[in-house]
Amino acid sequence: MTKTSHREIAQTASPRPPAIFIADALSLDFLNSVATPLDTEIDWIDDGEGLLAWLEQAKLVPAETLETLRARAMPGEFDNVAAQARSLREWFRGFVRQRKGRPLTSADLSELEPLNRLLERDEGFGRIVAHDHGRASGLEFRTMRRWRSPEALLLPIGEALAKFVCEEDFSNVKACEGPACTLMFADHTRGRARRWCSMAICGNRAKQSAHRHRLKMQQ
Ligand SMILES: [Zn+2]
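A quick note: this is a predicted structure, and the numbers were derived from the prediction, not measured. (Residues numbered from 1 in each chain as written. Predicted model: local features only at pLDDT ≥ 70, side-chain atom pairs only at ≥ 80, totals over all residues. Heavy atoms only, no water.)

1. With respect to the overall build of the protein chain
Then, number 1: Scanning the protein chain for helices and strands turns up eight helices and six strands.
Then, number 2: In the protein chain, the succession of α and β elements from N to C terminus is α-α-β-β-α-α-α-α-β-β-α-β-β-α.
Then, number 3: Considering only C-alpha atoms, the protein chain reaches an extent of 70 × 45 × 45 Å along its principal axes.
Then, number 4: A buried classification covers 38% of the 219 residues belonging to the protein chain.
Then, number 5: Intrachain contacts of the protein chain at a sequence separation of at least 6 include 56% that bridge at least 24 residues.
Then, number 6: Approximately 13,200 Å² of the protein chain is accessible, and the part contributed by carbon and sulfur atoms is 53%. (Helix = DSSP H or I, 4+ residues; strand = E, 2+ residues; numbered from the N terminus. Buried < 20%, exposed > 50% of the residue type's maximum accessible area, 1.4 Å probe, protein only. Contact = heavy atoms within 4.5 Å. Areas by Shrake-Rupley, 256 points an atom, 1.4 Å probe, with all protein chains shown as cover.)

Given below as structure tokens:
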């Protein structure tokens, strides 16, 4: 994609372009919800509306739930939750940056206390629901959540972060090699050879500069 078309997207329709989901791990996509895809930093969750839009794009909260919460909330209520989400994000960024490249151990648990405190607030419950995968219909156990307050929007994020620290091998967690890029991802490629957040953002830039370098050498 060219620079111009990126800019055009940013200026039309909504104040923010669609959020970036390139990390192959939702928790790292959450860290990537502030980024500088071109020259200007964009924080996708810099206010309440941004947070709701990001949660919907991340499929962490059903659209109907977001509508119900929107209808019940006082003006500015979600801005406060977005501020809490940003604190959670920056705290978690510190945790991940310090530990990426090696598996977590039980020694890392004490640092996760803030996340455990968030998880304690969850009012989840189980429910049997009908599912219909193709022709076979049946029953399925699903974890649901009570959405009593706007703060409840932090809970699915907390759950995603918790599952990530328990299930992801931090050896696979990498920062993009783009010189000015802050994006992180989990490298699940065979041979663990992934270097870039995406070809569109940093991979092509690197290729072009290598190409320019080669041309210079030939002259
Ligand atoms: Zn990058």
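2. Thoughts on the packing of helix α3 (residues 48-57) against helix α5 (residues 77-99)
Then, number 1: Contact geometry for α3 and α5: axes closest at 7 Å, N-to-C directions at 65°. In terms of orientation, α3 and α5 fall into the roughly perpendicular class. The two elements α3 and α5 meet at a crossing, and its hand is left-handed. Contact with α3, carried on its side by Gly 48, Leu 51 and Leu 52, involves Phe 78, Asp 79, Val 81, Ala 82 and Ala 85 of α5 and no other residues of that element.
Then, number 2: Split into classes, the residues belonging to the contact of α3 with α5 amount to six nonpolar, one polar and one charged. (Axes fitted to C-alpha atoms, helices over the stretch in contact; angles between N-to-C directions. Parallel < 35°, antiparallel > 145°, perpendicular 65-115°, else oblique. Left-handed = near helix turned anticlockwise from the far one by under 90°. Nonpolar A, V, L, I, M, F, W, Y, C, P; charged D, E, K, R; others polar.)

3. Section: the coordination of the zinc ion
Then, number 1: At this site the zinc ion is bound by Cys 176 (SG), Cys 181 (SG), Cys 197 (SG) and Cys 202 (SG), with donor distances of 2.3 to 2.4 Å.
Then, number 2: In this structure, the zinc ion is coordinated by four donor atoms arranged in tetrahedral fashion, with angles at the metal of 105 to 115°.
Then, number 3: Every donor residue of the zinc ion comes from the same chain, spaced as C-x4-C-x15-C-x4-C.
Then, number 4: Owing to a relative accessible area of 7%, Cys 176 belongs among the buried residues under this scheme. (Donors = N, O, S within 2.8 Å, 3.2 Å for Na, K, Ca; no water. Tetrahedral: all angles 85-135°; square planar, octahedral: opposite > 155°, others 65-115°.)

4. Topic: unusual backbone geometry
Then, number 1: Positive phi, normally seen in glycine, also occurs at Lys 59, with a value near 60°.
Then, number 2: Structurally, the position occupied by Lys 59 is in the loop between α3 and α4 (63-72).
Then, number 3: Look at Lys 59 and you get exposed, because its relative accessible area is 73%.

5. Observations concerning a nonpolar patch on the surface
Then, number 1: Taken together, the side chains of Ile 128, Leu 139 and Phe 141 make up a nonpolar region of the molecular surface, amounting to roughly 410 Å² of accessible area.
Then, number 2: Of note, Phe 141 is situated in strand β4 (residues 136-145).
Then, number 3: For Phe 141, a relative accessible area of 60% translates into the label exposed. (Patch = residues over 30% accessible without salt bridge, like charges linked within 9 Å, V, L, I, M, F, W, Y side chains within 5 Å. Salt bridge = Lys/Arg side-chain N within 4 Å of Asp/Glu carboxyl O.)

6. A few points about the nonpolar core
In summary, soluble globular proteins display a tendency toward joint burial of nonpolar side chains.
Then, number 1: Counting 54 residues, the largest nonpolar core has Leu 28, Trp 54, Val 96 and Leu 153 as its most contacted members.
Then, number 2: When contributions to this core are tallied by element, the ones reaching two or more residues are α2 (26-31), α3, α4, α5, α6 (113-119), α7 (154-167), β6 (184-186) and α8 (199-218).
Then, number 3: Apart from residues lying up to four places away in sequence, Leu 28 is in contact with Ala 23, Val 96, Phe 164, Val 173, Met 184, Phe 185 and Ala 186. (Core = buried A, V, L, I, M, F, W, Y, C linked by side-chain atoms within 4.5 Å.)

7. Notes on α4
Then, number 1: Thr 65, Leu 66 and Leu 69 are the residues of α4 that are buried. Mapping the buried residues of α4 onto a view down its axis gives an arc of 100°, with all of them on the same face. Counted as exposed and oriented over 90 degrees from the buried face of α4: Glu 64 and Ala 71.
Then, number 2: Lining the buried residues of α4 we find α3 and α5. (Arc of directions from axis to C-beta.)

8. Brief notes about the side chain of Arg 99
Then, number 1: Here Arg 99 lies in helix α5.
Then, number 2: Beyond its immediate sequence surroundings of up to four residues, Arg 99 is in contact with Leu 104, Asp 108, Glu 111 and Phe 170.

9. A word on the environment of Leu 115
Then, number 1: With respect to the secondary-structure elements, Leu 115 resides in helix α6.
Then, number 2: We classify Leu 115 as buried; its relative accessible area is 3%.
Then, number 3: As a C-alpha pair, Leu 115 and Leu 52 span 63 residues in sequence and 21 Å in three-dimensional space.
Then, number 4: Leaving out residues up to four positions away in the same chain, Leu 115 has contacts with Trp 91, Gly 158, Leu 161 and Ala 162.

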